[in-house]
Amino acid sequence: MSENLKTIMKTMNKATLEKIRDEYKSASGAVSKRIIVCAGTGCIANGSLAVYDALKEAVEKSGASLFVELELDQHDCKDKVHLSNSGCQGFCAQGPLVNILPDETMYVKVKPEDALEIIQKTVLNNEVIDRLLYVNPANGEQSRGQLDIPFYKLQNRLVLGECGHVDPENIREYISHNGYFAAEKSYNTMTDEQVCDTILESGLRGRGGGGFPTGRKWHLTRVVEADKKYVICNGDEGDPGAFMDRSLMEGNPHRVIEGMMIAARAINADEGYVYVRLEYPLAVKRMRKAIEDALEAGILGDNVFGSGRTMHIHVMEGAGAFVCGEETALMASIEGKRGMPMPKPPFPAECGLFEKPTVINNVETLAAVPLIVRNGAAWFNQYGTATSKGTKTFALTGHVANTGLIEVPFGTTLREIVFNIGGGVMDNDGKISSKGFKAVQIGGPSGGCLTVEDMDLPLDYDNLIAKGAMVGSGGLVVMNQESCMIQIARFFMNFTQNESCGKCLPCREGTKQMLALLDDIIEGNATMKTMDLLEEVGHVVKKASLCGLGKTAPSPVLSTIAKFREEYVEHIERKHCSTNNCKALMDITIDAEKCIGCTACARKCPVNAISGEKKKPHSIDPALCIKCGECHKACKFNAVMGF
Amino acid sequence: METKGYITIDGTDVPVENENNLLEVIRKAGIEMPTFCYHSHLSVYGACRLCIADIDGMGIQATCSIKPKPGMKVQTNTAEVRKIRKVNLELLLANHKIDCPSCSRSNNCKLQDLARRLNVNEIRFKKTEMDMPVDRESHSIIRDPNKCVLCGDCVRACKEMQSVGAIDFINRGARTIVGPAFDKSLNDVECVFCGQCVSACPVGALVPKSEVEAVWDVIHDEKKVVVAQIAPAVRVALGEGFGMEAGAISTGQIVAALKHIGFNQVYDTSFAADLTVMEEATEFISRKLKGEKLPQFTSCCPGWVKFAEQYYPQLLPNLSSCKSPQQMFGSVAKEILPGILGVKPENLIVVSIMPCVAKKYEARREEFVHEGIQDVDYVLSTDELGRMIHETGINFRTIKPESFDLPLGFKTGAGVIFGNTGGVSEAVLRFAYEKLTGETLIDTDIRQVRGEDGIRTVEMTLGKTKLKLGVAHTLGKARQICDEVLAGDSGYDLIEVMACPGGCIAGGGQPVSFDPDFRQKRTQGLYNADKQLELHKSQDNPYIKELYKSFLGEPASEKAHHLLHTHYKSRKRINDQVINIRNTEHPKIEVYVCVGTNCYVRGAHKLLNQLADYVSENKLEDIVGFEGHEEMVDVKATFCFERCQKGPVMRVNDKILEHATFEKAKQLLDQEIRRMGLQSQNE
């Protein structure tokens, strides 16, 4: 950081923020092109860092004047190229993504080899490279920029707004997008009560799963008298298939910090923890850097915006236990204890971290807070349904054309998400299939499934609960017709069983037995009594478990039983899996009409289960067959049936 | 008690007083809610989910975790509640090694009891128990994870009550077990063998290690002469296994039963307790008059002794050097009984009947084993003796009582109350009173030291001598009083410590009781037993007098020392190993900063550097005003103070600083320099 900037930041107040914002804006407005390379985890895994390096090299080679790091006091930005990284741009399936401003050209699946061409054609000569544009698999149409791509066009990216645009490691860029103005406002012009009231009026509810009104939670904590209070940001996103919080922490860490500061102001806390699982190394790194920068800038520290108030934030790495996403277990983990939930009450508002009143909010909840304080409760209120205000991010995965991170207002229908934003359901061969939709699992292992009949249900907290599902943290897994719902239920049951902390009896022993009962069904050892017992124990786990995770652990099973009862009955009574996912139930035979007796299958069979004379139809001994599928692959006449 | 309102429980209005939770209110109403993990003296854990009830407006809740609010409407036996409880039990049973007929906790097992009570008639789930290794390595406790119901009572008893924390949960989910760190044996960790985990265990997952078969073997060996000693607390608890009330005294029946079993002689550990009083009180008066090694800590309790060796090695000189009554008995028996009974020493077998499982470990301590022969050969818990009696088929309740054998079976009441917290102190005071005042003590009840408070402090003046006594029971309270002593100026002269709550009467070898008042009843039983005896002061015991006269000489004589006293060893896991930074040999002030992993991550290394710089910048290394060159302050890196949660930890001489910062450390150092009247070179 330049000396000049350090001097400016010594007195951090609204005027300083404005100065930083305006100077940065004018500097960045003068550049000729800005190249943003997505450096979210998905794009990095696909090689975006190499793309970045290649672009940097290409700019240098091409002689264009480039700077990577925009210095505030460097006003000579005119006609230069600004190359930077961003956090997750959301369209993960298409990464690495390269976005070129101001023309908003978006290139997908970029490789380092493309770098020179991008610089020479697009950056220096405003030519579009067609081959790198996104093509809609449904209709073959090409889209030039984000605004043309249905995946983006149909979303309402508020919380994710700057995510994918700003450089997450540059605090000034965040400030230039009006960052930290809301925090400043809350510390210097609002009372604690006013802050709580604003959030209450906005109708913001917890995005981590429970959906408790955030403003009410803050009020409850605010009124407790204590010498010390804490704010915790719960970034222990553990659901399989969910990555909203990770993307936010990686893509816009300062927004999360600003949200925590406002929460701290609202309850008069002076210390906060960001709890991030250690499987999110990039989120940890970016959150740490953001905290350091905010501290150095005088935003965090012992005199926040000159208000005389203190706010310090620490990053705490979790060891990756799913249960540590449960708030009491999370706090135990910060305290250095075994991560196990405690009975509530007392609630964290009274007795939380280190037995002090504590507000614990999810990353996405906190990231929405600065927007509400900046734009007002009414602005936030306009989005969503009567009881669920604002927008919700979802991690869209599974058998859907466009997987990625999306944000839509509450009340959006499943149809809109799966078919319009998601681009439709894909079959197992990766082709769009118009009739392929079977279900979505929403809310991860705590949630339930929605089916065709729920296609036009406006998604919000209460509608989903009524359907036996939940918003959860927002994982949305799309399943096609080729999916076996018992296998899906087993997948989630296996997950919760592995991740049960082992404290309370129903969750520890009940999930284990539920898994065993599901195995009986999948392996053809079940009777209808198995299903009755499965439902009975599921009910006990739901009603009697200690924490929220235990109480919701049976949801995938109970919800698939409710929606796909016939499929269960088919497995149990007919010992048949119509989607052919359950190996033990497969009936493998050789069609004598088709078999010419070439012996190819018999030679491949690893267990000698196939016998027959040459040039005569062969047969399979089901007692020996291990259903490995080698015969099926070997047969050129499609004579092996049942796979 | 003040009534705050009413809660409707199953249609009946029950007053709310000062109950901590709804469960207590329900139990007060006479409804015995089933629980595994609820213990009123431990923290609420809320894991077994059996104490559930349906509360109007709140649904099904675990009542242990609910604050009672007047106006609540609670139903404890709805169809749903019943179903959940039964399924819960079925789930537990499916995961339990069901070997009830051969389990030592059969008939005294909560799981068995609740399964019957709740009419669980079938287990519809698959058996899922794993075949996990059983820890039989210690001499005191067997840990069988295959029977564990994971209620966590043992974990909390060990951590919260005893402040030891030798066991905790390992693994996650269905693979969770309770055990020491890294699933080591209890023998290899800090377990002090107090057996409070055994007392807390509702099932047979933690049980005393039985020596019953070995004892039968020596009884059946015609060459051997087997003598028994019975600890005080046994006589008020053994009857519980035969349908008697807790606290009922069954001394005579026990003697008769032991004779029936085949013990040649039956003696009383209380005799040895009288002997302990003579030695320990003499030692105390001597220390008090000389003003050295005070406060004196009692040393009767082997769990406490191991605790002190592990955590407070610096206090070991303060422990009385007296052996415990069990071991005094063993030494005296092995010394004098061969002559009296006309038996070869190698054929004399001493079996003690103890309320304690730590005594099993104590008997095998190297100090008490000579040439491979233990002073006390076998230790049976109260419960094990009960099982031996059951095996013989004796009708314990109607057997004709018999008397102890002489001389080692004669005792005073002072030796009997040893089994209660405060008992040793009271017995010592009965001796010290007469010694220090020269007067005869008429009313021997010294009620000030009795009671249930975890730490009781009594100040009294005997003659010209002012005394301050501390009585602590449970090791958590022992830790508290030790810290108080180490902080300086606590003023205690004598501190009695018993590891178990209430003393030996609630030892880990006693029958496990689910009677909420069992401790009080047993305690009262021992005070009643004192009352029933003729003599109440150890010094009045004619056989003790005779033993001194004919054999030992005086209390604290050389012979007495040889036979009745012992020594201790530090068991601190990590030595105060230091890393020298400068070559200082005899600094006046030692500044040691822990650089163990935990302190290191909390910034100890930086602190060490800052302190080293501070010392050299201010020229604090050397002293002026003394002849020649003398060293004043040295800064060293050291390892674990075993206070990892309070790091960085450092010390300046004997003053320990937790959560150390450079500012606080500097302040402490300057203070120490001033206190010692030292000056730095540059002043």
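How each quantity is defined
Residues numbered from 1 in each chain as written. Chains lettered and ligands numbered in written order. Predicted model: local features only at pLDDT ≥ 70, side-chain atom pairs only at ≥ 80, totals over all residues. Helix = DSSP H or I, 4+ residues; strand = E, 2+ residues; numbered from the N terminus. Buried ≥ 20, exposed ≤ 12 C-beta atoms within 10 Å, placed from the backbone. Contact = placed C-beta atoms within 7 Å. Axes fitted to C-alpha atoms, helices over the stretch in contact; angles between N-to-C directions. Parallel < 35°, antiparallel > 145°, perpendicular 65-115°, else oblique. Left-handed = near helix turned anticlockwise from the far one by under 90°. Nonpolar A, V, L, I, M, F, W, Y, C, P; charged D, E, K, R; others polar. Pairing = 2+ DSSP bridges. Expected span 1.5 Å × (residues − 1). Arc of directions from axis to C-beta. Domains from an automatic or database assignment. pLDDT = per-residue confidence, 0-100.

(A) View of the overall build of chain B. When its secondary structure is counted, chain B shows 21 helices and 26 strands. Within chain B, the proportion of its 683 residues that are buried is 48%. Excluding contacts between residues fewer than 6 apart, the proportion of contacts in chain B whose partners are at least 24 apart in sequence is 72%.

(B) Seen up close, the packing of helix α8 (residues 181-188) of chain A against helix α15 (residues 363-375) of chain A. Residue and element names in this part refer to chain A. Between α8 and α15, the shortest axis-to-axis distance is 8 Å and the interhelical angle comes to 65 degrees. By the angle between their directions, the pair α8 and α15 is classed as roughly perpendicular. Here α8 runs over α15; the crossing is left-handed. On the side of α8, the interface is formed by Phe181, Ala182, Ala183, Lys185 and Ser186, while α15 contributes Pro370, Val373 and Arg374. Taken together, the residues that form the contact of α8 with α15 break down as five nonpolar, one polar and two charged.

(C) Seen up close, the interface of chain A and chain B. The interface of chain A with chain B comprises 28 residues on the first partner and 28 residues on the second. Of all the secondary-structure elements, those providing two or more residues to the side of chain A that touches chain B are α19 (485-499), α20 (505-522) and α21 (528-544) of chain A. In terms of residues, the side of chain A that touches chain B owes the most to one element, α20(A), which gives eight residues. Partitioning the side of chain A that touches chain B into residue classes produces 13 nonpolar, seven polar and eight charged.

(D) Structural view of the pairing of strand β16 (residues 475-480) of chain A. Residue and element names in this part refer to chain A. The buried fraction of β16 amounts to five of the six residues, a majority that puts the element mostly inside the structure. As defined by bridge partners, strand β12 (residues 391-398) adjoins β16 across four bridges and the pair is classed as parallel. Within β16, the position partnered with Gly398 by the bridge is Val478. Bridge count between strand β14 (residues 437-442) and β16: five bridges; the pairing is antiparallel. Opposite Phe437, over in β16, you have Asn480 as the bridge partner.

(E) Main features of the sheet that holds strand β5 (residues 73-75) of chain B. Residue and element names in this part refer to chain B. One open sheet holds the five strands; their spatial order is β2-β1-β5-β3-β4, and the pairing between them is mixed. In this open sheet, the two strands that pair with only one neighbour each are β2 (12-16) and β4 (59-62). Taking the axes of each pair of neighbouring strands and ignoring which way they run, one obtains an average angle of 35 degrees across the sheet. In this structure, strand β3 (residues 52-55) lies alongside β4, joined through four bridges in antiparallel fashion. Bridge assignment links Asp54 to a residue of β4, and that residue is Ile60. On the sheet, helix α2 (residues 79-94) packs against β3 and β4 and is oriented at approximately 160 degrees with respect to β3.

(F) Helix α20 (residues 604-617) of chain B, seen in detail. All names here are of chain B. With 14 residues, α20 should cover 20 Å at 1.5 Å per step; its first-to-last C-alpha distance of 20 Å lies within 8% of that length. What α20 keeps buried is the set Ala604, Leu607, Leu608, Leu611 and Val615. With its buried residues spanning 100 degrees around the axis, α20 presents them on a single face. Facing away from the buried side of α20 by more than 90 degrees, the exposed set consists of Asp613 and Glu617. Just downstream of α20 lies Lys619, where phi reads positive at about 50 degrees.

(G) Quick peek at the sheet that holds strand β11 (residues 358-362) of chain A. Residue and element names in this part refer to chain A. Strand order in this open sheet of four strands is β10-β9-β8-β11, and the pairing throughout is parallel. The two strands at the open ends of the sheet, each matched to only one other strand, are β10 (312-318) and β11. Across the sheet, the mean angle separating the axes of adjacent strands is 20 degrees when strand polarity is ignored. With six bridges joining them, strand β8 (residues 230-235) and strand β9 (residues 271-277) adopt parallel strand pairing. Paired with Cys233 across the strands is Val274, a residue of β9. Set on the sheet, α15 makes contact with β8 and β11; between it and β11 the angle comes to about 95 degrees.

(H) Examining helix α8 (residues 269-290) of chain B more closely. All names here are of chain B. Over its 22 residues, α8 extends 31 Å from the first C-alpha to the last, a length consistent with the 32 Å expected when each residue adds 1.5 Å. The element α8 is largely enclosed, with a buried count of 18 among its 22 residues. Backbone geometry just after α8 places Gly291 at a positive phi near 70 degrees.

(I) Spotlight on the domain arrangement of chain A. Residue and element names in this part refer to chain A. Taken domain by domain, chain A consists of domain 1 (31-153), domain 2 (171-381), domain 3 (391-483), domain 4 (486-573) and domain 5 (586-641). The gap between the C-alpha centroids of domain 2 and domain 4 is 34 Å. At the interface, eleven residues of domain 2 touch eight residues of domain 4. Looking at side-chain class alone, the side of domain 2 that touches domain 4 contains eight nonpolar, two polar and one charged residues.

(J) How the structure looks around the packing of helix α10 (residues 214-222) of chain A against helix α12 (residues 253-267) of chain A. All names here are of chain A. It is at 8 Å that the axes of α10 and α12 come closest, and there the two elements cross at 45 degrees. It follows from the interaxial angle that α10 and α12 lie oblique. Facing Trp218, Thr221 and Arg222 of α10, the residues of α12 in contact are Ala263, Ala266 and Ile267.

(K) Summary view of the environment of A:Gly47. Residues and elements named next belong to chain A. Looking at where Gly47 falls in the secondary structure, it is placed in the loop between α3 (41-45) and α4 (48-62). What makes Gly47 partly exposed here is the crowd of 16 C-beta atoms within 10 Å. Placed 62 residues apart in sequence, Gly47 and Lys109 show a C-alpha to C-alpha distance of 9.5 Å.

(L) Summary view of the environment of B:Glu621. Residues and elements named next belong to chain B. With respect to the helices and strands, the residue Glu621 is situated in the loop between α20 and β22 (622-623). Each C-alpha atom, one on Glu621 and one on Gly195, is 50 Å from the other, the two residues being 426 residues apart in sequence. With sequence-adjacent residues up to four places away left out, Glu621 is seen in contact with Val615, Ser616, Glu631, Met632 and Val633.

(M) Examining the confidence of the model for chain A more closely. Mean pLDDT for chain A: 91, with 96% of residues reaching 70 or above. Per-element averaging of pLDDT across chain A places helix α1 (residues 3-10) of chain A at the bottom with 58 and α12(A) at the top with 97.

(N) Quick look at the pairing of β14(A). All names here are of chain A. Where burial is concerned, most of β14 is hidden: six out of the six residues are buried. Strand direction decides the pairing type here: β14 and strand β15 (residues 448-451), joined by four bridges, are antiparallel. Paired with Ala439 across the strands is Thr451, a residue of β15. Between β14 and β15, which pair antiparallel and follow one another directly, the connecting turn spans five residues, one of which, Gly443, has a positive phi of 90 degrees.

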